[in-house]
Amino acid sequence: MAKLILVSFSLCLLVLFNGCLGIDVGLRRQQQRHFGECNLDRLNALEPTNRIEAEAGQIESWDHNDQQFQCAGVAVIRRTIEPNGLLLPQYSNAPELIYIERGRGITGVLFPGCPETFEDPQQQSQQGQGQGQSQRSEQDRHQKIRYFQEGDIIALPAGVAHWCYNDGDSPVVAVSLLHTNNYANQLDENPRHFYLAGNPDDEHQRQGQQQFGQRRRQQQHSRGKEGEQEQQGEGNNVFSGFDAEFLADAFNVDVDTARRLQSNQDKRRNIVKVEGRLQMVRPERSRQEWERQERQERESEQERERQRRQGGRGRDVNGFEETICSLRLMENIGSRSRADIYTEQVGRINTVNSNTLPVLRWLQLSAERGDLQREGLYVPHWNLNAHSVVYAIRGRARVQVVDDNGNTVFDDELRQGQVLTIPQNFAVAKRAESEGFEWVAFKTNDNAQISPLAGRTSAIRALPDDVLANAFQISREEARRLKYNRQETTLARSSRSSSERMRRRSESEGRAEA
């Protein structure tokens, strides 16, 4: 009997070990599928390559097949929503971080299974009172909506639907990064948006898309009857491929209503103009009330996180079991008063990671918002544990990037509206030009870290004098100057004027030509 129990226990352990090993190998394969694609001998500041003009805005995307994006396993998209414009409900195959570059508005994030906590009060209808009955009229109910403003980061898990509405007087400009190499994406490396409504165009023109559309229409034609062809539309939302009668049965509505879901003849594309104003159940509040509620939510979430850690629960537990329906998905990194790094008359850096926005642990993403004044310098550094995808918000900066062989893979200006990918561990430095420089950097780790090469907390400062002297063949006095001449940590004022830099650059270019 004892031997039988021992054998059974051993078999259980074997199955458990193999299962865990299989999960670990699967995750490892998912994380390593882009390895070998970061052998980059040159980086480029990239512009959008695709544009969609919709009824109430436009969508621009960068070529996700570019080697830089393939290295980082990401895709980048920029949406402009005009006042009173509605970005139709959609979800994507990868986690997404959205930075609100300009404007303000409302968004709804639809978590499956969560209750409709925003609702109209119940009202009694007078119909049917002749029979001594009172009927309750239907009331509007929906999930929580969230207000956003310039400087906000919005975190969206893979497969979770959302929509956006511009209720302001100026356009909303939102820059998004999709982490297609994330473990949550089990399709392929192509970024995909699945729309729940409308007849949208594909934001990312992926290879073979036209052939796929033609093949789908041929399949519809081969079904035979003309009536069936009418029922199955040629729209591009998730309902378009279903049979209209099937949809009518699923929603318990008539067939004509079901066909409206397919949006066959809708020409408005991805962003539509709302007739009148968008009506919904929402609490009216001032900007100060928004900020106060955001601060309270942040403090309560940090307290829950602290209690979770003190309770000894491991990293594999997401910490959201009781709060996922009211999960905080936004953090403002645009405010100067919230700067994490600040140097007087030089600039500041705001960061958001899983410590300040715990949902990012789930997404494995974080972000950095920087602002350099004229002649401001972001000292040379490297990203320890993440790729960095930099989007230039305003101004210009001279940027240099160096690879593991000491080769300069980028030495050029990064201008407003351009994107530059900096691979993990590549060294990088930024210096603002005359009009200053502002940027947002999306990073592929929920707790991304940098290591400076110059300044008070740098790797050079941490080395003994004699190590520096022998490594660089300099005197101990020169080694000390190298360590202690720069007292700032991350942001510093350039020690040379722009005219002197131009003179030195002209001299070096002249020597190179000679």
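- Per an unreviewed UniProt entry, the recorded name for the protein is Cor a 9 allergen, and the organism is Corylus avellana.
- Annotation of the protein in UniProt includes, under Sequence similarities (unreviewed entry), the sentence "Belongs to the 11S seed storage protein (globulins) family."

### Regarding the overall build of the protein
(1) Moving on: Across its full length, the protein holds 11 helices and 27 strands.
(2) Moving on: Counting only residues that meet the buried cut, the protein has 45% of its 514 residues in that class.
(3) Moving on: Within the protein, contacts between residues separated by at least 24 positions form 76% of all contacts whose residues are at least 6 apart in sequence.
(4) Moving on: For the protein, the exposed surface amounts to about 27,400 Å²; the carbon and sulfur share of it is 47%.

### Remarks on helix α9 (residues 465–472)
(1) Moving on: Among the residues making up α9, those that are buried are Asp465, Leu468 and Ala469. Across the axial projection of α9, the buried residues extend over an arc of 100 degrees, all falling on one side. Exposed and oriented more than 90 degrees from the buried face of α9 are Asn470 and Ala471.
(2) Moving on: On the buried face of α9, the contacting elements are α10 (476–484).

### A closer look at the packing of helix α5 (residues 244–251) against helix α6 (residues 255–262)
(1) Moving on: The N-to-C vectors of α5 and α6 enclose an angle of 110 degrees; their axes lie 8 Å apart at closest approach. It follows that α5 is roughly perpendicular to α6 by the angle criterion. Two secondary-structure elements touch here, α5 through Ala244, Glu245, Leu247, Ala248 and Phe251 and α6 through Val255, Ala258, Arg259, Leu261 and Gln262.

### Quick look at the nonpolar core
(1) Moving on: Counting residues in hydrophobic clusters, the biggest one holds 63 residues, and the most contacted among them are Phe69, Val76, Leu97, Ile153, Val389 and Phe442.
(2) Moving on: For this core, the two domains that each supply at least three residues are domain 1 (41–119 + 140–208 + 234–312 + 319–332) and domain 2 (335–455 + 490–501).
(3) Moving on: Val401, Phe410, Phe426 and Ala432 belong to the second-largest nonpolar core, a separate cluster that totals 24 residues.

### Observations regarding the environment of leucine 278
(1) Moving on: Considering the arrangement of structural elements, one finds leucine 278 in the loop between β16 (271–273) and α7 (287–310).
(2) Moving on: The spacing of leucine 278 and asparagine 84 is 194 residues in sequence and 7.7 Å in space, taken between C-alpha atoms.
(3) Moving on: Leucine 278 has contacts with Asn84, Leu86, Trp163 and Tyr165, leaving out every residue within four places of it along the chain.

### Points about the pattern of salt bridges
(1) Moving on: Under the criterion given, the structure shown has 24 salt bridges.
(2) Moving on: Here glutamate 53 and arginine 51 are joined by a salt bridge, their closest N and O atoms 3.6 Å apart.
(3) Moving on: Owing to a relative accessible area of 43%, glutamate 53 belongs among the partly exposed residues under this scheme.
(4) Moving on: Here aspartate 188 makes a salt bridge to arginine 192, at a shortest N to O gap of 2.4 Å.
(5) Moving on: Owing to a relative accessible area of 24%, aspartate 188 belongs among the partly exposed residues under this scheme.
(6) Moving on: Residue class for arginine 192 comes out partly exposed when judged on its relative accessible area of 22%.
(7) Moving on: Residues participating in the shared-partner salt-bridge network are Arg51, Glu53, Glu60 and Arg78.

### Comments concerning the state of the cysteines
Any covalent bond linking the sulfur atoms of two cysteines counts as a disulfide.
(1) Moving on: One pass over the structure, following the stated rule, counts one disulfide.
(2) Moving on: Between the sulfur atoms of cysteine 38 and its disulfide partner cysteine 71 the distance amounts to 1.9 Å. Looking along the S-S bond of the cysteine 38-cysteine 71 disulfide, the torsion reads about 100 degrees, which is the right-handed sense. Of this pair, cysteine 38 sits in the loop between α1 (2–32) and β1 (50–54) while cysteine 71 sits in helix α2 (residues 67–72), and the two are 33 residues apart along the sequence.

### Digging into the environment of isoleucine 460
(1) Moving on: Structurally, isoleucine 460 is set in the loop between β26 (450–452) and α9.
(2) Moving on: Isoleucine 460 has contacts with Leu453, Leu468, Phe472, Leu482 and Lys483, leaving out every residue within four places of it along the chain.

### Quick look at the pairing of strand β19 (residues 347–352)
(1) Moving on: Among the six residues of β19, five are classified as buried, and the element is accordingly described as predominantly covered.
(2) Moving on: In this sheet, β19 lies alongside strand β18 (residues 341–343) in antiparallel orientation, the contact comprising three bridges. Within β19, the residue paired with tyrosine 342 across the bridge is arginine 348.
(3) Moving on: The loop that links β18 with its antiparallel partner β19 comprises three residues; one of these, glutamine 345, has a positive phi angle of about 60 degrees.
(4) Moving on: Here β19 pairs with strand β20 (residues 366–372) via six bridges, running antiparallel. Across the sheet, residue isoleucine 349 finds its bridge partner in β20, namely glycine 370.

Rules of the game
Residues numbered from 1 in each chain as written. Predicted model: local features only at pLDDT ≥ 70, side-chain atom pairs only at ≥ 80, totals over all residues. Heavy atoms only, no water. UniProt positions renumbered as here; feature names shortened; annotations may be inferred. Helix = DSSP H or I, 4+ residues; strand = E, 2+ residues; numbered from the N terminus. Buried < 20%, exposed > 50% of the residue type's maximum accessible area, 1.4 Å probe, protein only. Contact = heavy atoms within 4.5 Å. Areas by Shrake-Rupley, 256 points an atom, 1.4 Å probe, with all protein chains shown as cover. Arc of directions from axis to C-beta. Axes fitted to C-alpha atoms, helices over the stretch in contact; angles between N-to-C directions. Parallel < 35°, antiparallel > 145°, perpendicular 65-115°, else oblique. Core = buried A, V, L, I, M, F, W, Y, C linked by side-chain atoms within 4.5 Å. Domains from an automatic or database assignment. Salt bridge = Lys/Arg side-chain N within 4 Å of Asp/Glu carboxyl O. Disulfide = S-S within 2.5 Å. Pairing = 2+ DSSP bridges.

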